[in-house]
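# Structural characterization, general
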Amino acid sequence: MKRLTGRVAIVTGAASGIGRATAEVLAAEGALIVATDIDVGGGEETHGRIIASGGHARFLVQDVADEDRWAEVVADTMASHGRLDILVNNAGIGLGTLVTEMTLEAWNRQVAINLTGVFLGCKHVIPAMRAGGRGGSIINVSSVAGLEGAAGLAGYCATKGGVRLFTKALAKECAMARDGIRVNSVHPGIIDTPIWTRIDQGGLSLAQTAEAHTGANALSPDVIAAAGAPLGYAGQPEDVARGIAFLASDDSRYMTGSELVIDGGWTA
Ligand code: NAI
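Residues numbered from 1 in each chain as written. Predicted model: local features only at pLDDT ≥ 70, side-chain atom pairs only at ≥ 80, totals over all residues. Heavy atoms only, no water.

### What to know about the packing of helix 4 (residues 104-132) against helix 5 (residues 154-177)
Running from N to C, helix 4 and helix 5 point in directions that differ by 15°, and their axes come no closer than 9 Å. Classed by the angle they form, the pair helix 4 and helix 5 counts as roughly parallel. In the crossing of helix 4 with helix 5, the sense of the turn from one axis to the other is right-handed. Each of Trp107, Gln110, Val111, Asn114, Leu115, Val118, Phe119, Cys122, Ile126 and Arg130 in helix 4 lies in contact with helix 5, whose residues at this interface are Gly155, Tyr156, Ala158, Thr159, Lys160, Gly162, Val163, Phe166, Leu170, Glu173, Cys174 and Ala177. (Axes fitted to C-alpha atoms, helices over the stretch in contact; angles between N-to-C directions. Helix = DSSP H or I, 4+ residues; strand = E, 2+ residues; numbered from the N terminus. Parallel < 35°, antiparallel > 145°, perpendicular 65-115°, else oblique. Left-handed = near helix turned anticlockwise from the far one by under 90°. Contact = heavy atoms within 4.5 Å.)

### Quick notes on the sheet that holds strand 4 (residues 86-89)
A sheet is described by the order of its strands in space; here 7 strands give the open sequence 3-2-1-4-5-6-7, paired in parallel fashion. Only two strands of the sheet have a single partner each, and these edge strands are strand 3 (56-61) and strand 7 (259-262). The sheet shows a mean angle of 20° between the axes of neighbouring strands, taken without regard to direction. Judged from the 6 bridges that link them, strand 5 (residues 136-141) and strand 6 (residues 181-188) form a sheet pairing that is parallel. Within strand 6, the position partnered with Asn140 by the bridge is Ser185. Packed on one face of the sheet, helix 3 (residues 67-81) meets strand 1 (8-12), strand 2 (32-37), strand 3 and strand 4 and runs near 155° to strand 3. Docked against the sheet, helix 4 engages strand 1, strand 4, strand 5 and strand 6, running at close to 180° with respect to strand 4. (Pairing = 2+ DSSP bridges.)

What follows is the structure, given as structure tokens:
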């Protein structure tokens, strides 16, 4: 039996990688997906894939760092579908930059998307979940970089560590309110997605950062994982999506403020 039939989920960063896989897995579990991203082409492709598989989805353009847009996305979801049960705060970027070389602009941009975006999503979605009176599940995508430091990734680690403790504090707020809303974080290890090769403003790609610190050339997620993850290979986006689906469903009903590590043993 499908675990999420009748539920409505917002998934951010759904145009690519873990976000796309999450949107597809939640849809396969019966949820109606409001997929959002700044990447229109990728977002429309995700939407098309879900529809082609017999699922239900919409795509909305959204920059997660824009508070006004969060209010619009939540209002649109409630007006169109009448309920909101699941929020997956997945959108994120990774800037590989040494602290002494990091511009304030790059620092602020990464914080705005990876951390402020998570705060804004929770802030705007929780009132809608509470109004529904059915509780809800919020899943914030952190990282193993939110559990341990990595050279060249201090800014990224700061945002992901922030997401981890923000999640725990908010879980306690919701529990105190007895609103039935659970809030958990997910900590992927090395997952084979385009994030590794994206060249971003103010830094190297994550693969280039790993190369700079190992002296190796042309590192792929699989090579990096072979060196650091006991299982010996990179995870696939669906491996993370399945963990997110568990947290979204009632199978995890006694879990809140928890951290689900999906890292092939990286942090073991
Ligand atoms: P990805 O680069 O494939 O996908 C990220 C998506 O976020 C893209 O579609 C991008 O357009 C979107 N995005 C970027 N800025 C945005 C903004 N301002 N507003 C809305 N959407 C925006 O990356 P991936 O790997 O799928 O990453 C998803 C999440 O997983 C991120 O939070 C990342 O930090 C996290 N993560 C990824 C790991 C990996 O090895 N791939 C490991 C640990 C965590």
